[in-house]
Structure formats: structure tokens, C-alpha cells
There are 2 protein chains.
Amino acid sequence: MKNDQMFNAHHSPVGAFSSFTLGYPGPSGGFGCELGKPADQHIFIGYESASERGVFNTFPFYEESSDAEEDFVLEDQGDHLEKAKLRCIETSEIEREFTPCIDRWAHNEFEFTIFSPTHAIPNPATASEEAMKTVLIPAVFAQLRLDNRKGDHDRRIFFGFQPSNFQAHIRENWNLCSKGIRSLCVGRDYGVASNAEGSNTAIHFTADTILGEPDRDRFHFGNGTIGLLDAVVPKGEIVTIPLVMAFHRSGLVTSGIECSYYYNRFFPNLDSVILHGLEHFESYRASAQTENEKWHRETLTDSQRFHIAHSIRSYYGSTQLLDRAGEPMWVVNEGEYRMINTLDLTIDQLFFEMKQNPWTTRNVLEHYLELYSYRDQVFSPGEPDAYHPGGLSFSHDMGVANCFTPQGESCYEISGLKGCFSYMTHEELVNWLCCALVYLEQTGDEAWAHQYLQTFKDLFESLCNRDHSDSEQRNGIMGMDSSRTKGGAEITTYDSLDPSLGRSRGNCYLATKTWSVYLGLEKLFRKYGNNDDADLCLSQSTRIMKTLLGAVREDGSLPSSIEPGAETSILPVIEGLVYAWFNGRKDVFEPSSGYVEFISMMRVHLEQVLKPGCCMFDDGSWRLTTGNTNSWLSKIYLCQFVARELLAFPENHPAMKSDEAHENWLKSPSNAYWAWGDQFYAGELKGSRYYPRGVTSVLWLDEKQHC
Amino acid sequence: MKNDQMFNAHHSPVGAFSSFTLGYPGPSGGFGCELGKPADQHIFIGYESASERGVFNTFPFYEESSDAEEDFVLEDQGDHLEKAKLRCIETSEIEREFTPCIDRWAHNEFEFTIFSPTHAIPNPATASEEAMKTVLIPAVFAQLRLDNRKGDHDRRIFFGFQPSNFQAHIRENWNLCSKGIRSLCVGRDYGVASNAEGSNTAIHFTADTILGEPDRDRFHFGNGTIGLLDAVVPKGEIVTIPLVMAFHRSGLVTSGIECSYYYNRFFPNLDSVILHGLEHFESYRASAQTENEKWHRETLTDSQRFHIAHSIRSYYGSTQLLDRAGEPMWVVNEGEYRMINTLDLTIDQLFFEMKQNPWTTRNVLEHYLELYSYRDQVFSPGEPDAYHPGGLSFSHDMGVANCFTPQGESCYEISGLKGCFSYMTHEELVNWLCCALVYLEQTGDEAWAHQYLQTFKDLFESLCNRDHSDSEQRNGIMGMDSSRTKGGAEITTYDSLDPSLGRSRGNCYLATKTWSVYLGLEKLFRKYGNNDDADLCLSQSTRIMKTLLGAVREDGSLPSSIEPGAETSILPVIEGLVYAWFNGRKDVFEPSSGYVEFISMMRVHLEQVLKPGCCMFDDGSWRLTTGNTNSWLSKIYLCQFVARELLAFPENHPAMKSDEAHENWLKSPSNAYWAWGDQFYAGELKGSRYYPRGVTSVLWLDEKQHC
């Protein structure tokens, strides 16, 4: 294996906000629950050498650490335990096979494989208990395998770990022993278990002490800090040891809105997770293979497959299905920041959820409406004290790290700012509408459309009011800021960039997204007989087209903003086109459409900016803006799809070969600890790490023959 | 205040395994639940300067830390917040008043005080719900106070903190706002709250940002990492702001044996703790004063008062009252090691619990009998394969860090050893009996004695069997090791010392303790008409006396062991006398007693060893053994009591002036982070830190006029 294979990846249950992270050298992964980062545990996975007895080849996911025994044994008292030798396997000798649901490390005749099937979650309103239970099990699955057919002695294989010594302690779970199960658990929170005949567990202060001890029953030493589960592989045999890696939290786990994990309905405690996981191990292992096929297309390059696998894994690590007073509440936490259901991530994750479980999108949208919507007024930057009618919009998020914020408030937004942490009123309004319109088009959920017609009308009005308070002066594009900013200025999701992408007012990125919303609303209103509003929508989308066409620069590209002085060029001008594509308005991309000039301009814009020295780095990777080297991979994936599929960007364009450059970003040793990450400064990961947003990559599965 | 006042101390509820630790400079304390160490949070406590507006004098329990905002704001976007200036108060300017239940820091006209009353826990079998609720509230109480009568402007005072970013997040608890309560909570786990009129809360990334912001409602910023609760003190006024610092864990919290916190019966969640705490704040504050008086004697020196206060605080930080299927289960966790009810600590904590709540001792003893007793065989070191009848004894502990071990097994003991982590079969047998006999004598609980008469008989037999398998060859002192050691050798509680104190067999420390047990059993058996066994007890205690008298060296002192080659001298030969003193056998200390020669020898022994170059360090502090510089403060306290009270050691002896030297151990900057600690290597704390065992100091309260 090349050394660039040593990257952390999530291996996560569905909706358990948990991850067994592994892949980066050193104590860099392990069992994490509700964390914004890897758990930094020492993980011991290995096998006894064929040539040297008592020497154990061990994958490099640990390091020689201080011996906790020293905290107790302050004097040498003459007890010297035999220690085995752990030999750390060279990364260059490891083979890794990395797919969305199966992650396999091999060294010589030894393999360690993790299975984490990406089951779609059935709609809880209609699904059977058994179907829900199967999918929501808070566990991933793994196996140790040694081919000892050529060996001339019995050899031991093992999986072990050292939890961080923060609260709970590692223990052998004796309650399960009577059922033939050996396990190492940390408190009531997580653990690993096997029902393989002959498997054993032991705990002591170091792995070499455990492996050096021939009496397998000597070290049931609860005071120890490291546990190993091991088994003997007789010479001449192949042995495979199944492992379930289980997580569990019971009771209420959130505040503000009080929720428990939905899986508690089926799994009251950790033991029940282990039992079910082992009983159905074969089925879960098989479904990892089946699920892998869901994300496979022959036309994809190896690099694209890597991006898809890695981003899907990181997504699931942030997912959390809650039980709110008996009703399901879907949450995607925001990676390292752990903000709850950040709405400007929901819109990027939309495409993935549409494929997997569209009801979760509806669930999030409804919770935003019920709990995290508000009404504001708006003002023009020249007259900050003159308030005009605004309307309904949504907060940026629902809270952070299991703490729900009060109704209508995010944990993120602060008044009086013009940059990061300012309000995203217009951005989130557009995001909610984009999600809702795509949901309706993709699912045909007419009952839902009917139920929320008035809401759509309210939101449409709110959108128009943010263009200009005087309807005569509207140009389709946001011109008024929310009163919630208290004299500040709204920002977009691109909060950590300079104003080229960060500022909402006049922003061409936001304009295109808004254009898609008006197109979708037009179709919706017309379908339900509200032609007046449909006509107004048409008028607004046309205004946007005209305004942007009027802003085109000499070279045919658009500036980042229609406001004076915006000189930067940005890629995400094209981003918003994708919502029209999926919300039922593919017609506007037809040559016969009234928007042909608009689409054509977009293609020219992209051609003009997507080149070295502009929105492309020297290695061919994509740069979102000339104003900044901060480039977001999730958005690049999306824009790649738009370029190829919507704008028929030429396949032989140098920028179409960028996937490997982006792969290098993720795999770079300075970045690879963080699993999938989003915000790269010229390839250096600085923000949005351990992040769920990369599933925009699944858009590539819908491409025709471009790639 | 002198700089030696900057030591961490616990401020803990009763039985909640929680601590608000404070006192060591830097981010070294804060809210800890179930931790074996301080929580290392930044704590912000301070007030606005009288002379400089916008400058806030802040106690030194924080440090300038990296600004978490940098994780988000990767570009300067022109938003510059006004920051206040935090001026760290010089430690030399601080006055600290440190007592068992009240800990007060003062700087000029500002005070911060923490109240943690040491309520005795009523017996749950008979106590009213209200009485239990009052005592078991998982909270401590504090207040901020500024005297602004001479001030010429309104000034702000504040309390704030930054939790470690491990799992849950800091939040303002809006549910309590409607009740007039402002609070800062971390998830559902802990928090601080006030109902003072005009108090406010805010959250941001740094304290200076919050204090620099005049708009008190701008920073309800859930994404922030630091929260401050503050209030304005108008010029000309004195304002006192009450604070409740609350902890809570719901549901099952332990494994192996499944328990919840007993306080859940009265407090279902964190909010209920806060509400009750604030409603009864005055009562709790007053009882801190009342409870302080319980630990006060005019005759004690300042240094002795310090030891008593500090050790009681550390004790409560490790206490945990659990609810095991409806029944109370008392646990004292072992400080940094967090072992559950370590039986060789129970015996040291016995004196404290006898004063406070004797039922907890009975509770622990019964759980040992029911769950953590076992029967073994014994062998003589010369014939390790020849097993003889042993008997009933007890495991070293019940588990660790909320993980209960299987029945009859400790988390500590390992077979095949002769030093640390070997079995403590004889030690724990003696410990259980010491506790039980003292409990019976002090409480007169005849029903309990009656219920367990057969158990006492079994334990007595077990004890005799460990002397010698051939009753003719018995000398009173342990001569046989437990089969559980599998050829190893048993150890005493002094596990980290050399064999002088660590080895059980022949040990003179253990011999004296065993002597007290036989005396107590003799009285018990005789009382209940079992004169045969009483006579055997008398015979055994007489044998111990004769054996030890026969072992006396030329200078009149005893060696550490009766086994050949034991040259070291140890202080704890006298330790075991204390159990005869409290188990109803004060008669043996009378001049008319048959043991007069024995007691006299003990006095001579102490005189001979308690001097410089032997069991005393150069500064007058006590050294447990000449074989080692590792000296345990809990045991020193106990031996001090024995020396003065039981052996009438002369008050003008240089060793009677050692308390200040021991105080220096605890207050030394290299030790003071760890609150109260036990194992000092010539004054350097190396083990048993953050430890509950120091409450042997309360024995001093029972002394006559010696000190």
C-alpha cells in the first residue's frame, strides 16, 4: 500500500452519531460517540508472526505509550511479567481496500475488515419494527482473518483498544459470557464483542503484557487500561473472527428539546446491540457488499469512487435519529462544529438523502417550520433605520452538540456583524425552499405540497421583500438585509471567505440559487392553480436573468456580486443551477427555453474562470474564488456535476481531470487525520473537518456518460 | 494571602461523585463528575476595577487560551468586537479562608465564597423523603459579593467557565428563564445558576469579548465556548449574587451491577436540582456554617484544622450513593484510581462514617458479604502445592470507575504475584472484621450482630486458618497465603512499598490489626454466649502478644516482620491498636490489663523509631518505614492519634510538631493541583492523588487535651 492510504475514515452506524474511526497512524481513531473529532484511542490489531513466535505484527494505529502501571507500582517489587514483542507493521507493507461500506487492511496472510452498510432508513411512519431495528442498530461490524494454512505453529490474532481515560473504564462484560460472547466494553457506552469459539478477552496496562501471558485467565484485571480480544488460529487453518463494534446511549441525551436516541426503542442497552449484531452478523456483512453496489458505477474513475466512499462515511458519522416525545427527529450534526441540522448543509446533503431516505428531508424541513422559523423586517443598507416588511425565514441551525437552541434562534447567528456569525436569513430561506421544491419534485408527495401551500406563499413573499421593498425597484436579487442583523449585513454559507462569496446582498452565487427557487415555485403555484403568484415568480426569475446578464464583464464572465467594486471571480455562480435541474425545471436548460441566453452565459462564465490563475490552482484543483484560496470540496463536487451534466462542459477540459488533485488534498498527511474535510486553503485543511457535507459527490452517480 | 494558599480543594455534594474543584492557578479545576482528577476548566471569577472602567480583576483560575473563534473565522472580515481587559489578580493579593464547608477568596472589596455543607446522610430505611432530598442534592452553593459603597460607578461582577470540549456543550438554559433564573449548563450534566435580579448570562469565545460588549443580549451565542453569568453592582451598594452549582446524571450509570444515582428519586434532572438549590439557598448557606462547627475544636491547631478540612472535602468528592434496584448502595471511589469501595480504604474512612452516618459502613459490609466475598484455601510458602482449608474473605474492591466486577472478584487482584496487584485476602478479612466490630460497638446494633453471628464465626475460623493449618503451630500471625495467589504471596494495603510493609505474611503491622480483631471478636462471642470461641480468641490475641514480644530487638523496637531478615523499622506497627480502642476493648490499655507489657512495648517501639534517621524525615514529618521514603498521610494522621491518645506520647516530643511539615507537603506547588493526596515520596506526591482516605484526621476530634 502506498503511504497515501493512511487516512482516517469513519465507520459508522446509521443515525447513532457514532464512529469507529480508523486509518491514520498512531492513536488517532477508535470508538467515538458524539465527538467532533477522532477519539484518539490506541487500537491494536494484529497477528502472531509466522516466523517468530511471540512476535506480533500490529497495524500502526497505536504508539508506545506510558505504562499506566507506573501510577500504582512505585517500587520494583520483583514481579516481572513476560512481555511479548509488538512489531509495528510498516505502512508500505499494508494493502488497503476502501469502499463505501467495506474497509479492508491486509498484511501478508492477515486481514482486518470493517463492514458498515449504508442502509436507507425506512419511513418510521410506515416501516415495521423489524425493518427499523435492522437499519438503526448502533453498531458496525468487523472481522479478523488469518490464513494459517502454511503456518507451522498455532498463532494468535487480536483486536484491542485503550480508551481515553476520561470517564468510563474498559471492562469485560461478564453478563454476556454465559451466552458464549466475549466482549470489551467501556462503561455502558460502547464496546467490541465476538461469539467466535475460543475467543478470549483480557485487560492489563499494556498490550505486550497481555500477549506475553500464556495463562489466558490471569488478566481479567479490571484496573487495567488496555483490553484485547484474541483467538488462536491453529496451524493449517483459516480462521475468521466476527466482531461487533457497538455504541449505546440511553435516556434523554439532548437539552432544549428533550430527545433520546430512536434506536432505544429496539435496543434498550449495549448488551442488546451486541446480541442482535452477532446474531445477524452474516446478514450485515452481506448487506455491506450489497450496499456497496448502490454507490458503484462502471463509469466512475477510481478517484471519484474514493471521494464518494469517503464522503458517505463522513456523512454517516454525523447522523443522528432522535426520538422526540415519540416522533422521529432527523439530525445531521455539522462535523467538527457539531451544529444541529445546519440548514445550509441540509441543502448540500439533499441529493444524498433523496436517494436514501427522502422522508428525512421532509422531517428536517418540518422541524424548521415548527421550531426554527421566524419573521423579521428588512432594511436597505443606505437606510439602516428604515424597516420594511420582511417575512418568514429560518435560523441557520437548531443548536449545537445535543443542545437545542430556543425556538427561532440558531446557535450561530449574532447581530451587529457583517462577516462570520452574522445572520443568514436570505440564504436559509432559499435553502429551505430549494430542499422543499426538490423534495416535492422527486417524491411527488402531493399531500405535503397541499398542506404547505400557504407556507410556500409566505416564503415567496418573504423572498420578494428581500429583493426590494418597492416592487417596482426589484431586480430579482437580494437587496435588503434582515432586521435581525441590527444594522449588520447578512452573509451566505460561505462564511469564512471574503465578501466575494460571504456577503449575501447582491451576491451572484445566491442569485442563481434564488433563480432556481423562483422557477420551482412558479411550477408549484401553477400546478395548484395559483397563476398570479406563478406569474410573479416568472417575473422574478426573469429579472434575475436580466440583472445577471447586465452584469456580465467584458470577457463574458460574471463578477461575484452586482454591487459596485466586486472584482473577484467565483465558481459558485453556477452552483444554484442544480436546484432547477432537480426541482422539475430541466426545461429551462433546453435550447428552446426563454433562459437559453442565461444558461449560455453560465457556460461562458465557467469557461472564463475555470483556468489557471483564476479559479483553478496550479495542480488543476478547483478554486472557488479569486478572492481567497479557501476552497470547499463539497461545493467543488457539486459544481463539477453542474459543469458536466448541466452545462455540458467539455470532457477534455483540463479541469475535468481534477479529482486526483482533490484526492491528494484529503490524503495529505497533514489533513488525513480528519477523515473527510471541506475547507481547504490551497490544499491545506483548516476548517469544516470531520464533516458530513461531502455527499454532494453522489450527484456524480446521476451523470450520463461524461466521466 | 501567601502563595501557599493556591491549592486545589474539592467542593462536593454528598454522594454525587462530583466536585467543583478550585484553588490551583491556571485552568486546573471546575465542574468534574466521576473524574479521577480535576476537570482542568478555565474558571472566570472577578469584578470590574474601582479605578479603571472596563478592566476586570479576575482570580487566576484561567489562562490566556487560544480563541476557538479561529476555528471558524479563517479570514478577517472587518468585524472587530470591543474587548474588555481581564487583569489576573496576583496570588499574593488574595485572602483565602479555608474551612471544611466554606471556602472564601477575597480581593479588595470583592469576595467569592463556596458553601458545601457536610450533611450526614440519614438512614434511607427510616428517613423522610424531604430529609434525604435536602442532603442528597447534587449541588454546591456559592456567592459573588462586591462592596461598591465607595465606588463612583456601577460595576460588573461575574462567574464563568469554559468546559473541556469533549462531548457536551455550554448552553444557556432557557427553560429556567421564565422562572427568573439565569443559568449556564453543559448539556444535561452540570451547570451554574442564579436567581438574582438583574443577573444575566452570555456565551462567546472569550471572556474579554463578553465583558467588552455593552449589549447584554447580543451574545446568546450557543456556538461559543465560554459562558459568563454576571450582574451589575450599582455604585453605593453591596450586592451578593447566589449561585447554585449543580450536577446531574440520570438513568443507569454503572455496569456489572446496574445502578442509578440515588438522588434521581428526588431530582429527575438538572433543572430540578437548580430550582431546589436556589429555593433553599439560604438554608444551605446557613448549614455550611453549622456543619463547619461540627469539625471544629478549640484545641486543634490551625494546621490540624487545615488537614481536617482538606481531607473531608476530598472524601466527599469520591462519595457516591447509588440506587441498586430500589435499595441504597454506598460507594466511596478511590480518588484518582476510582476503584469502588476499596476495602482497605473503607477501614480508614470508618472513623469518619461512624461520626456521620454509620449505616453506610454497614451497607458496604453487607454488600461485601453478599457480592464480594469468597472462600479459598491456603498454603505455606515452603509447600506451595499443599493446600489447606482457608475460609471466607473479601475481594480488595468491587470494581472501578462505575464498572462493578463479577461477584467475588476485585478489579485489582492478579494471581502469581508477590508485590503490587497481588491478593489481599488476609488484609481484607481483617479490614471487614475491624469495620464490623467497630460498627457494632459504636452503634449497639444488636440485631445486626445477631444476624451475622455465624458469619463472624466463619470469619474467625478463616482468620485462624491463615495463621497456621496446624492449630498447635499457631503464633497468632499470618503464616499461610491464599490459594488465589496461585503460588504468589499476599500483600497488605501498603502495596506500593517494599516488603517491609507490603508483604502480608509475618507482617507486624498486620499482626497488631489482627490482635485488635481477636479482642473484638472475643468480646462479641462472649456477649452472645459463645465462650469456646471467645476463649480461642483470647488465646490468639495472647499468641500475637507473645510472638511480637519475642521479636523485639535490642533497642526495644519491633522489626517490620517476624520473618527472618526483616531489618526495617516501621511506624504502622502501632496502627492496629486503634481498632481495639474503638471496638470496645479500651480495657486492654489499662495498667491492670494482661496486655500491659504489649502496650508498653508499642510505646517503646514508637519512641525508638520516631526520630530523625529512622521514621522521621529531617523536617520532622513522619516516615512510615526505613525501607522506603513513600509515606502515606492518611496513615500518619491515624498513627498520630494512636501515639497521643492511646500511647500517651509526650506532647513535647519533636514529632508532635509535624503537622505543619505535612501541610507543606499538600501545599507544595508540585502537589497542590491534586487536592488532598496520600502517597508522598519524601514530600513529593506520586500516588493516591485526589484521594478520599485522609479522613483519618477526624480521629483528632476525639483526643483529650493532648494537642
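Here is a short report on the structure shown in this document. (Residues numbered from 1 in each chain as written. Chains lettered and ligands numbered in written order. Predicted model: local features only at pLDDT ≥ 70, side-chain atom pairs only at ≥ 80, totals over all residues. Heavy atoms only, no water.)

**Focus on the overall build of chain A**
Filter applied, for reference: Secondary structure elements follow DSSP: runs of H or I no shorter than four residues count as helices, runs of E no shorter than two count as strands, and numbering proceeds from the N terminus. Just to be clear, the radius of gyration here is over C-alpha atoms, and the globule rule we use is 2.2 Å times residues to the power 0.38. Think of it in three bands: residues with accessible area under 20% of the maximum for their type are buried, residues over 50% are exposed, and the middle band is partly exposed, with areas taken using a 1.4 Å probe on protein chains only. Throughout, a contact is declared for two residues whenever any of their heavy atoms are within 4.5 Å. For every accessible area listed, the method is Shrake-Rupley and the probe measures 1.4 Å; residues are considered covered only by the protein chains on display. Only four residue types enter the charge count: Lys and Arg as positive, Asp and Glu as negative, with His and the chain ends excluded. Every charge is mapped to an atom, namely NZ of Lys, CZ of Arg, CG of Asp or CD of Glu.
Looking only at helices and strands, chain A has 17 helices and 27 strands in total. Against the globule reference of 27 Å for 707 residues, chain A gives a C-alpha radius of gyration of 27 Å, in line with a compact fold. Its C-alpha atoms put chain A at 90 × 55 × 45 Å along the principal axes. Burial statistics for chain A: of 707 residues in total, 69% are counted as buried. Contacts spanning at least 24 positions in sequence make up 70% of the contacts within chain A whose residues lie at least 6 apart. About 22300 Å² of surface is accessible on chain A, with carbon and sulfur atoms providing 46% of the total. Charged side chains in chain A number 61 positive and 97 negative. The centres of these two groups are separated by 3 Å.

**A closer look at the relation of the copies chain A and chain B**
Applied cut-off: The superposition of copies rests on a least-squares fit of C-alpha positions from residues with pLDDT of 70 or more in both.
The two copies are related by a screw operation: chain A maps onto chain B through 180 degrees of rotation and 0.0 Å of translation along the axis, at an RMSD of 0.0 Å. Overall, the copies show the geometry of a two-fold rotation axis. Residue Gly251(A), judged by its C-alpha, is the member of chain A lying nearest the rotation axis, at 3.3 Å. Looking at chain A, 100% of its interface residues are interface residues in chain B too, so the copies touch through the same face.

**Regarding the packing of aromatic side chains**
Our working definition: When the centres of two rings from Phe, Tyr and Trp lie within 6.5 Å, Trp using its six-membered ring, the rings pair. Their planes under 30 degrees apart give stacked, over 60 give edge-to-face, and anything left gives tilted. Two thresholds decide whether a charge sits over a ring: the Lys NZ or Arg CZ must be within 6 Å of the ring centre and within 35 degrees of the ring normal.
On inspection of all chains with the given rule, the structure shows 111 aromatic pairs over all chains. Ring centres of Phe7(B) and Phe306(B) lie 5.3 Å apart, and the angle between their planes is 85 degrees; this geometry places the pair in the edge-to-face category. Of this pair, Phe7(B) sits in the segment before β1 (18-21) while Phe306(B) sits in helix α5 (residues 302-317), and the two are 299 residues apart along the sequence. Seen in terms of ring centroids, Phe20(B) and Phe159(B) are 5.9 Å apart; in terms of plane orientation they differ by 45 degrees. Their pairing is tilted. Of this pair, Phe20(B) sits in strand β1 while Phe159(B) sits in strand β10 (residues 155-162), and the two are 139 residues apart along the sequence. Site record: aromatic cluster; members linked through ring pairs are Phe20(A), Phe31(A), Tyr47(A), Phe59(A), Phe61(A), Trp105(A), Phe110(A), Phe112(A), Phe159(A), Phe161(A), Tyr190(A) and Phe247(A). Directly above the aromatic system of Tyr681(A) lies the positively charged group of Lys686(A), at a separation of 5.0 Å from the ring centroid. A cation sits over an aromatic face here: Arg689(B) above Trp674(B), 4.1 Å from the ring centre.

**Let's talk about the environment of Arg171(B)**
The residue Arg171(B) is located in strand β11 (residues 170-172) in this model. A relative accessible area of 10% means that Arg171(B) is categorised as buried. Taking the C-alpha atoms as reference points, Arg171(B) and Pro692(B), 521 residues apart in sequence, are found 32 Å from one another. Ignoring any residue separated from it by four or fewer positions in sequence, one finds Arg171(B) in contact with Ser255(A), Gly256(A), Cys403(A), Ser183(B), Leu184(B), Cys185(B), Gly187(B), Arg188(B) and Ile203(B).

**Quick look at the nonpolar core**
In plain terms, the rule: To form a nonpolar core, buried Ala, Val, Leu, Ile, Met, Phe, Trp, Tyr and Cys residues must be joined to one another through side-chain atoms within 4.5 Å.
Ranked by size, the top nonpolar core spans 195 residues in total, and within it Trp432(A), Phe456(A) and Leu577(A) carry the most contacts. With residues near it in sequence (within four places) discarded, Phe456(A) still touches Trp432(A), Leu433(A), Ala436(A), Leu437(A), Leu440(A), Trp448(A), Leu521(A), Leu524(A) and Phe525(A). Residues Ala246(B), Tyr368(B), Ile477(B) and Trp632(B) belong to the second largest nonpolar core, which totals 194 residues.

**Here we look at the packing of helix α10 (residues 453-467) of chain A against helix α12 (residues 508-527) of chain A**
Residue and element names in this part refer to chain A. Here is the rule: To obtain each axis, a line is fitted to C-alpha atoms, and for helices this fit is confined to the stretch in contact; angles are then taken between N-to-C directions over 0 to 180 degrees. Take the far helix as the reference: if the near one is turned anticlockwise from it by less than a right angle, the crossing is left-handed, and if turned clockwise, right-handed. Under this grouping Gly is polar, as are all residues other than the nonpolar Ala, Val, Leu, Ile, Met, Phe, Trp, Tyr, Cys and Pro and the charged Asp, Glu, Lys and Arg.
In the contact formed by α10 and α12, the axes pass within 11 Å of each other and the chain directions differ by 145 degrees. Between α10 and α12 lies a crossing whose hand is left-handed. Residues Leu 453, Phe 456, Lys 457, Phe 460, Leu 463 and Cys 464 of α10 pack against Thr 514, Val 517, Tyr 518, Leu 521, Leu 524 and Phe 525 of α12. Residue composition of the contact of α10 with α12, by class: ten nonpolar, one polar and one charged.

**Observations regarding the pattern of salt bridges**
Proximity of charged atoms lets side chains of opposite charge pair with each other. We apply this condition: Salt bridge criterion: a side-chain nitrogen from Lys or Arg within 4 Å of a carboxyl oxygen from Asp or Glu.
Inspection of every chain in the model, using the stated rule, returns 78 salt bridges over all chains. Residue Arg505(B) is joined to Asp481(B) by a salt bridge in which the shortest nitrogen-to-oxygen separation is 2.5 Å. Of this pair, Arg505(B) sits in the loop between α11 (499-502) and α12 (508-527) while Asp481(B) sits in strand β24 (residues 481-482), and the two are 24 residues apart along the sequence. Residue Arg644(B) is joined to Glu703(B) by a salt bridge in which the shortest nitrogen-to-oxygen separation is 2.8 Å. Separated by 59 residues along the polypeptide, Arg644(B) in helix α16 (residues 633-646) and Glu703(B) in the segment after β27 (684-687) bring together distant segments of the chain. We note that Arg644(B), like Glu703(B), is buried. Linked by salt bridges that have partners in common, Asp348(A), Glu575(A), Lys635(A), Asp678(A) and Arg693(A) make up one network.

**Description of the sheet that holds strand β8 (residues 110-115) of chain B**
Residue and element names in this part refer to chain B. Here is the rule: Being paired, for any two strands, means DSSP has found at least two bridges between them.
Strand order in the open sheet formed by eight strands is β6-β7-β8-β9-β16-β13-β12-β11, with antiparallel pairing between adjacent strands. Among the strands making up the open sheet, the edge pair consists of β6 (95-98) and β11. Across the sheet, the axes of successive neighbouring strands diverge by a mean angle of 15 degrees, strand direction being ignored. Note: β8 against strand β9 (residues 139-147), six bridges, orientation antiparallel. Bridging from a neighbouring strand, Phe 112 pairs with Leu 144 of β9.

**Regarding the interface of chain A and chain B**
Rules: As used here, buried area is the combined drop in accessible area, with a 1.4 Å probe, of two parts when they are placed together. Any pair of N or O atoms that falls within 3.5 Å is considered a polar contact. Within protein, one atom must be able to donate a hydrogen and the other to accept it, and sequence-neighbouring residues count only if both atoms are side-chain atoms.
Contacts between the two partners involve 65 residues from chain A, matched on the other side by 65 residues from chain B. Approximately 5500 Å² of surface area, both sides summed, lies buried where chain A meets chain B, with 54% of it carried by carbon and sulfur atoms. Inspection of the region where chain A meets chain B yields two salt bridges. Across the salt bridge formed by Glu258(B) and Arg188(A), the nearest N and O atoms sit 3.0 Å from each other. Counting across the chain A and chain B interface gives 18 residue pairs in polar contact (both at pLDDT 80 or more). For the side of chain A that touches chain B, a count of residues per class yields 27 nonpolar, 21 polar and 17 charged.

**What to know about the sheet that holds strand β21 (residues 383-394) of chain A**
All names here are of chain A. Taken together, three strands build an open sheet; the order of strands is β21-β20-β24 and the sheet is antiparallel. Because the sheet does not close on itself, it has two edges, and the strands there are β21 and β24 (481-482). As defined by bridge partners, strand β20 (residues 373-380) adjoins β24 across two bridges and the pair is classed as antiparallel. The residue of β24 that forms the bridge with Phe 379 is Asp 481. In this fold α10 packs onto β20, β21 and β24, with an angle of close to 155 degrees to the strand it touches most, β21.

**Looking at the pairing of β20(A)**
Here β20(A) pairs with β21(A) via seven bridges, running antiparallel. Directly across from Gln377(A), in β21(A), lies its bridge partner Pro389(A).

**Overview of the side chain of Ser560(A)**
All names here are of chain A. Structurally, the position occupied by Ser 560 is in the loop between α13 (531-551) and α14 (577-582). Using a relative accessible area of 1% as the deciding quantity, one classes Ser 560 as buried. A polar contact is formed between the side chain of Ser 560 and the side chain of Thr 568, at a distance of 2.9 Å. Ser 560 has contacts with Ser 500, Gly 506, Asn 507, Cys 508, Tyr 509, Ala 566, Thr 568 and Ile 570, leaving out every residue within four places of it along the chain.

**Thoughts on α13(A)**
Since the α-helix advances by 3.6 residues per turn, residues separated by three or four positions end up pointing in the same direction. All names here are of chain A. Note the threshold: Helix span is expected to be 1.5 Å times the residue number reduced by one.
An ideal rise of 1.5 Å per residue puts 30 Å on 21 residues; α13 measures up with 30 Å between its terminal C-alpha atoms. If you check which residues of α13 are buried, you get Asp 533, Ala 534, Cys 537, Gln 540, Ser 541, Thr 542, Ile 544, Met 545, Thr 547, Leu 548 and Ala 551. Those residues of α13 that are buried lie in contact with α10, α12 and α15 (596-609).

**A few points about the packing of α13(A) against α15(A)**
All names here are of chain A. To keep things clear, this is the line we draw: If an angle is under 35 degrees, it is roughly parallel; if it is over 145, roughly antiparallel; if it lies from 65 to 115, roughly perpendicular; otherwise it is oblique.
Between α13 and α15, whose axes approach to 10 Å, the crossing angle comes to 45 degrees. Relative to α15, α13 is oriented oblique. The handedness of the crossing between α13 and α15 is left-handed. Taken together, the residues of α15 that come into contact with α13 (itself represented by Met 545, Leu 548 and Leu 549) are Glu 597, Phe 598, Met 601 and Met 602.

**Remarks on unusual backbone geometry**
Residues and elements named next belong to chain A. Unusually for a residue other than glycine, Ala 648 sits at a positive phi of about 50 degrees. Relative to the helices and strands, Ala 648 resides in the loop between α16 (633-646) and α17 (659-667). Even without being a glycine, Ala 675 presents a positive backbone phi close to 55 degrees. Topologically, Ala 675 is positioned in the loop between α17 and β26 (679-681). Accessibility expressed as a relative area gives 1% for Ala 675, which makes it buried.

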